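So you can see what is in the structure, the chains are spelled out below.
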Number of protein chains: 2
Amino acid sequence: MAQPDWLLWHPGPPAYACRMSEFKRTERTQVKRLPDRGAYDTETVFPILDEGLICHVGFSVEGQPFVIPTGYARVGDTLYIHGSAASRMLRTLAESIQVCVTVTLLDGLVLARAAFHHSMNYRSVVILGRATLVEDRAEKIKALEAFTEHIVRGRWKDVRLPTETELKATTVLSLPLTEVSAKVRSGPPKDDAEDYELPIWAGVVPLTIVPGAPITDPRLISRIEAPAYAKKYSR
Amino acid sequence: MAQPDWLLWHPGPPAYACRMSEFKRTERTQVKRLPDRGAYDTETVFPILDEGLICHVGFSVEGQPFVIPTGYARVGDTLYIHGSAASRMLRTLAESIQVCVTVTLLDGLVLARAAFHHSMNYRSVVILGRATLVEDRAEKIKALEAFTEHIVRGRWKDVRLPTETELKATTVLSLPLTEVSAKVRSGPPKDDAEDYELPIWAGVVPLTIVPGAPITDPRLISRIEAPAYAKKYSR
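## Quick word on the overall build of chain A
Looking only at helices and strands, chain A has five helices and 12 strands in total. Counting all 235 residues of chain A, 50% fall into the buried class. Put simply, 68% of the contacts in chain A that link residues at least 6 apart link residues at least 24 apart.

As structure tokens, then:
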């Protein structure tokens, strides 16, 4: 019988993944459940990474997994994450332990006729690998620029740039986009054939992240207008 | 000096957590970085869990962490997740391995004067523990109802309910809400004192998830109007 449709699960481990550029599938990256939802090409993966604002970073310490939301940025086939040099998590990750970084975009709620086939429309990317410390100063600054530009394009040229002290206080980690998979669900519900006759409304409620009017910092010195990238924010 | 503000990190491991009802902090759940952002009370945690639509589940297989997006539902002080009985991930989790479930709500982009203090406004919950298989039939059906109602309140009464075959094909796992922490950032940017004089606009771009008009399944039999919970969806 059909598998439940209401799940967002990527395939079970060791499952998903792929290799960038041409995304070769590996045993642990091959999407096994609902394999037609799997994708292994940069044309699918990069736009998801570029549209997302936060990722969820997974790593284990003494057998306990931790999943932590944080910002990120993609530069070519590298994903950067960053944090306080004082953060134990960042220090842990910098020791080149295995990590999983997941980015999920939620596009809609899928209301099927059957409870079993309720689902969500989504686009997600799962990256496996080992993060390494960025020690090169130029690469580090480039990554910090990418973090800022990833959130708001055009912002970097306007801000007070990092001082040497701030640079030292920031740990930047890079993760190669080599073992990556995407999983995407879109479109209407998929019910069992015999259920289509049921007098139950079915369809999709689309969800969109909408930016509101910018809220100016009350401590702003007078006469500075919000820049266009804040007033008309879009991704 | 100040710690970077642009991070969403929960504290480094072993850090966050707490105990429900009155949320006692444990060594690995205490929010250590930016501790004023930590919260350990059900009044903070439950509304975040109830507003979120997806969680990110973290678990390790042979040292490799995996972070997978999925739906969930809270019933009292229990979090339920579910999946195909055929899913290796679900089977892995059902073996009572250690798991981390994280729910993150993104509320806005925080544009500070300094690149270093760029951040996001967010509310997140991190749950640590061991998931166990729900074997009791009544509890399982109650959980399935909770999954559907969590996505769209009012939907369960309208849908074709799960068959025995579907019930068997679905694995439901429960995770006690005992070791939990929340982390919240809200409000305007926080710049260094000397930067407030800079002629740089600063503020917050609020982000909201907005439901669109429901898209009726093209295969719907005629004359069924979209129910109010779809036409005027809200959380």
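## Some points on the interface of chain A and chain B
The partner chain B presents 105 residues to the 105 residues of chain A that form the contact. Looking at which element gives the most residues to the side of chain A that touches chain B, the answer is strand S11 (residues 203-211) of chain A, with nine residues. When S11 of chain A meets strand S11 (residues 203-211) of chain B, the two strands line up antiparallel, connected through five bridges. Bridge pairing links Thr 208 of chain A to Val 210 of chain B in S11 of chain B.

## What to know about the confidence of the model for chain A
Residues and elements named next belong to chain A. Confidence along chain A averages 86 in pLDDT terms, with 84% of residues attaining 70 or more. Every residue in residues 1-21 scores below 50 in pLDDT, and together they form 102 contacts with partners more than four places removed in sequence or on other chains. Interface confidence in the predicted complex, given as ipTM, is 0.88; pTM for the same model is 0.89.

## Looking at helix H3 (residues 137-151) of chain B
The end-to-end C-alpha separation of H3 of chain B is 22 Å, in line with the 21 Å expected for 15 residues at 1.5 Å each. Every buried residue of H3 of chain B is listed here: Lys 140, Ala 143, Leu 144, Ala 146, Phe 147, Thr 148, His 150 and Ile 151 of chain B.

## Some details on the nonpolar core
Among the nonpolar cores identified, the biggest contains 116 residues, and Tyr 80 and Ile 127 of chain A together with Tyr 80 and Ile 127 of chain B are the most heavily contacted of them. Sequence-distant contacts of Ile 127 of chain A, defined by excluding residues within four places in its chain, comprise Leu 79, Cys 100, Val 101, Leu 175, Leu 177, Glu 179 and Val 180 of chain A.

## With respect to the relation of the copies chain A and chain B
For the pair chain A and chain B, the best superposition has an RMSD of 0.0 Å and corresponds to a rotation of 180 degrees with a translation of 0.0 Å parallel to the axis. On this basis, the relationship between the two copies can be described by a two-fold rotation axis. Considering only C-alpha atoms, the part of chain A nearest the rotation axis is Ile 209 of chain A, at 2.2 Å. Interface overlap between copies is the fraction of interface residues in one copy that are interface residues in the other; for chain A against chain B it reaches 100%, indicating a shared surface.

## Notes on the environment of Val 126 of chain B
Residue and element names in this part refer to chain B. Here Val 126 shows up in strand S7 (residues 119-130). On the neighbour-count criterion, Val 126 (29 C-beta atoms within 10 Å) is buried. Along the primary structure Val 126 and Cys 100 are separated by 26 residues, whereas in three dimensions their C-alpha atoms are 6.9 Å apart.

## Comments concerning unusual backbone geometry
The phi dihedral of Glu 62 of chain A is positive, around 50 degrees, even though this residue is not glycine. Structurally, Glu 62 of chain A is set in the loop between strand S2 (55-61) and strand S3 (64-70). If you check the backbone angles, Arg 223 of chain B has positive phi at about 60 degrees while not being a glycine. Assignment of secondary structure puts Arg 223 of chain B in the loop between strand S12 (215-216) and helix H5 (228-231).

## As for the pairing of strand S10 (residues 179-185) of chain A
Residue and element names in this part refer to chain A. Judged by how many residues are buried, S10 sits mostly within the fold: six of seven residues are covered. Relative to S10, strand S1 (residues 38-39) runs antiparallel, the two sharing two bridges. Bridged to Ala 39 within S10 is Ala 182. Note: strand S7 (residues 119-130) against S10, seven bridges, orientation antiparallel. Considered in S10, the bridge of Val 125 is made with Ala 182.

## So, the environment of Arg 74 of chain A
For Arg 74 of chain A, the location among the structural elements is in strand S4 (residues 73-75). Counting along the chain gives 69 residues from Arg 74 of chain A to Ala 143 of chain A, while the straight-line C-alpha distance between them is 8.6 Å.

## Brief notes about the pairing of S7 of chain A
All names here are of chain A. The element S7 is extensively covered by neighbouring structure, given that 11 of its 12 residues are classed as buried. When strand S6 (residues 98-111) meets S7, the two strands line up antiparallel, connected through 12 bridges. Of the residues in S7, the one forming a bridge with Val 103 is Val 125.

## Side note on the environment of Arg 123 of chain B
Residues and elements named next belong to chain B. With respect to the element layout, Arg 123 can be found in strand S7. As a C-alpha pair, Arg 123 and Arg 37 span 86 residues in sequence and 9.5 Å in three-dimensional space. Those residues in contact with Arg 123, other than ones at most four positions away along the chain, are Ile 48, Leu 105, Asp 107, Ala 182 and Val 184.

How each quantity is defined
- Residues numbered from 1 in each chain as written.
- Chains lettered and ligands numbered in written order.
- Predicted model: local features only at pLDDT ≥ 70, side-chain atom pairs only at ≥ 80, totals over all residues.
- Helix = DSSP H or I, 4+ residues; strand = E, 2+ residues; numbered from the N terminus.
- Buried ≥ 20, exposed ≤ 12 C-beta atoms within 10 Å, placed from the backbone.
- Contact = placed C-beta atoms within 7 Å.
- Pairing = 2+ DSSP bridges.
- pLDDT = per-residue confidence, 0-100.
- Expected span 1.5 Å × (residues − 1).
- Core = buried A, V, L, I, M, F, W, Y, C linked by C-beta atoms within 7 Å.
- Least-squares fit on C-alpha atoms with pLDDT ≥ 70 in both.

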